[in-house]
Each structure stands twice: as structure tokens, then as C-alpha cells.
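Okay, here's what each chain looks like letter by letter:
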Amino acid sequence: MPDTVVSPVTNSSRTRDLRLWLLVITALVVTADRLSKLWIEAHIDLGSTIPIMPRFFRLSHVLNTGAAFSIFADSTSPERVRIVLIAFSVCVTVVIAAMIYRVGRTLSLTSFGLALILGGALGNLYDRIRFDHVVDFLQVHVGTYYWPDFNLADSAICVGACLLLLEIFRPQPKESANVQE
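All figures in this text were calculated on a predicted structure; none of them were measured in a lab. (Residues numbered from 1 in each chain as written. Predicted model: local features only at pLDDT ≥ 70, side-chain atom pairs only at ≥ 80, totals over all residues. Heavy atoms only, no water.)

Enquirer: Looking at this structure, I do not really get the overall build of the protein. What am I missing?
Expert: What the protein contains, in helices and strands, is five helices and four strands. Listing the helices and strands of the protein from first to last along the sequence gives α-α-β-β-α-α-β-β-α. Within the protein, buried positions represent 33% of all 181 residues. Taking contacts inside the protein between residues at least 6 apart in sequence as the whole, the part at least 24 apart equals 66%. A total accessible area of about 12200 Å² is found for the protein, and carbon and sulfur atoms account for 67% of it. (Helix = DSSP H or I, 4+ residues; strand = E, 2+ residues; numbered from the N terminus. Buried < 20%, exposed > 50% of the residue type's maximum accessible area, 1.4 Å probe, protein only. Contact = heavy atoms within 4.5 Å. Areas by Shrake-Rupley, 256 points an atom, 1.4 Å probe, with all protein chains shown as cover.)

Now the structure itself:
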């Protein structure tokens, strides 16, 4: 019987690099965000709303010069807020892209969450640079509580952050039984 040589297969050689797919997810978030904002601008007058689920959910058309959920929108120096938000978004984008490069070889809650956050950050960054504001159009009311208007980019950022939190608090697998104590 001839000798056969079996080469060891490393874990990294069996794992496909999924960073490109994470960037596709990011691009899909940016595209969906952009298209939804264009639809709102074309179909709903500024300041108007369309009830979808009465007393709970409406589509609206508002311009947000502040941060997520209209934080800092009433600032006395809106141009300064805009510049700070753009600078912050650029920094976040660079950091998140670097994190995706580092952990994006596999699909996990972390890598998927980072792709969503990157897509949301890029979507709103584009609006701030090009239009000096972000179009918000999702309006939620629960009883007497009113949630500030938001958009798909904000939603992607929040969902991505929740996925990161789930990953942080998820029980980690125990060490191999081969490890001696």
C-alpha cells in the first residue's frame, strides 16, 4: 500500500473570507436608506405625515439638522453641529471599517452588526455632506409617548448596536476539555 501524505488543513484555509459580503450588506443599507429618502421626498410634502397604523405609526417628512433622533437639532450654531457630526461620522466610519477588516473574515453577530452600523453611518453622512441635513420619515407613537422621527440609516445603526450588545452578553463557549487545570 503506497504511503499517502495528508496535509493538515488549518482552520483559516477552510474559512472563506466574508469581508466582501459584509461590504455588500453595508452597500445594501446605504442603497435602501437613499432610495427610501428619495421616495419620501417625492411623495410626502415637507412637514406632512401619512398614517400607516393610526395612533401608532406614520410616515413623515422632516429635515433633521441634528444627530440621531434630532439630538442637537435646536442648536444655536447649526453649522458647528453639522461639522462636528460630519467629523464624528467620518471617524466612526474609519473605525468601523477597520473593525470589519479585522473581524469580518467570518459572519457573526459582531461582523453583521458592524456592517449595519457602517451602512447607517455612511447613509446619514452622505446626507449631511450633500444636503446639510438628514431626511427622517419614520414616526412612532406609543400612547402619549412620541419617539422622534428617524430613518432607515438610524434603524440600521440601532439594530447593529443591539447585535453587538447581544454578542457581548452571549455566553461564551467553555474551554476545550483537553485543557488541564
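Having put the structure on the table, let's press on.
Enquirer: What exactly am I supposed to notice about the pattern of salt bridges here?
Expert: A side chain with one charge can pair with a side chain of the opposite charge if their charged atoms come near. All chains considered together, the criterion is met by six salt bridges. A salt bridge links Asp33 to Lys37; the shortest N-O distance between them is 2.7 Å. Taken together, the positions of Asp33 and Lys37, both in helix α2 (residues 19-43) and four residues apart, correspond to about one turn of that helix. Via salt bridges that share partners, Asp33, Arg34, Lys37 and Asp127 belong to a single interconnected network. (Salt bridge = Lys/Arg side-chain N within 4 Å of Asp/Glu carboxyl O.)

Enquirer: Would you explain unusual backbone geometry in this entry?
Expert: Apart from glycine, the bulk of residues carry a negative phi angle, and the bulk of peptide bonds sit in the trans form. Its identity as a non-glycine residue notwithstanding, Arg55 has a phi of 60°, on the positive side. Considering the arrangement of structural elements, one finds Arg55 in the loop between β1 (49-53) and β2 (57-64). Residue Asp132 is not a glycine yet carries a positive backbone phi of 70°. You can see Asp132 is positioned in the loop between α4 (109-131) and β3 (134-142).

Enquirer: I keep staring at the state of the cysteines and nothing clicks. Help me out?
Expert: By definition, a disulfide links two cysteine residues through a covalent bond between their sulfur atoms. Across all of its chains, the model carries zero disulfides by this definition. Left without a disulfide partner, Cys158 is nearest to the cysteine sulfur of Cys162, which lies 6.7 Å away. (Disulfide = S-S within 2.5 Å.)

This is a description of form; function is not addressed.
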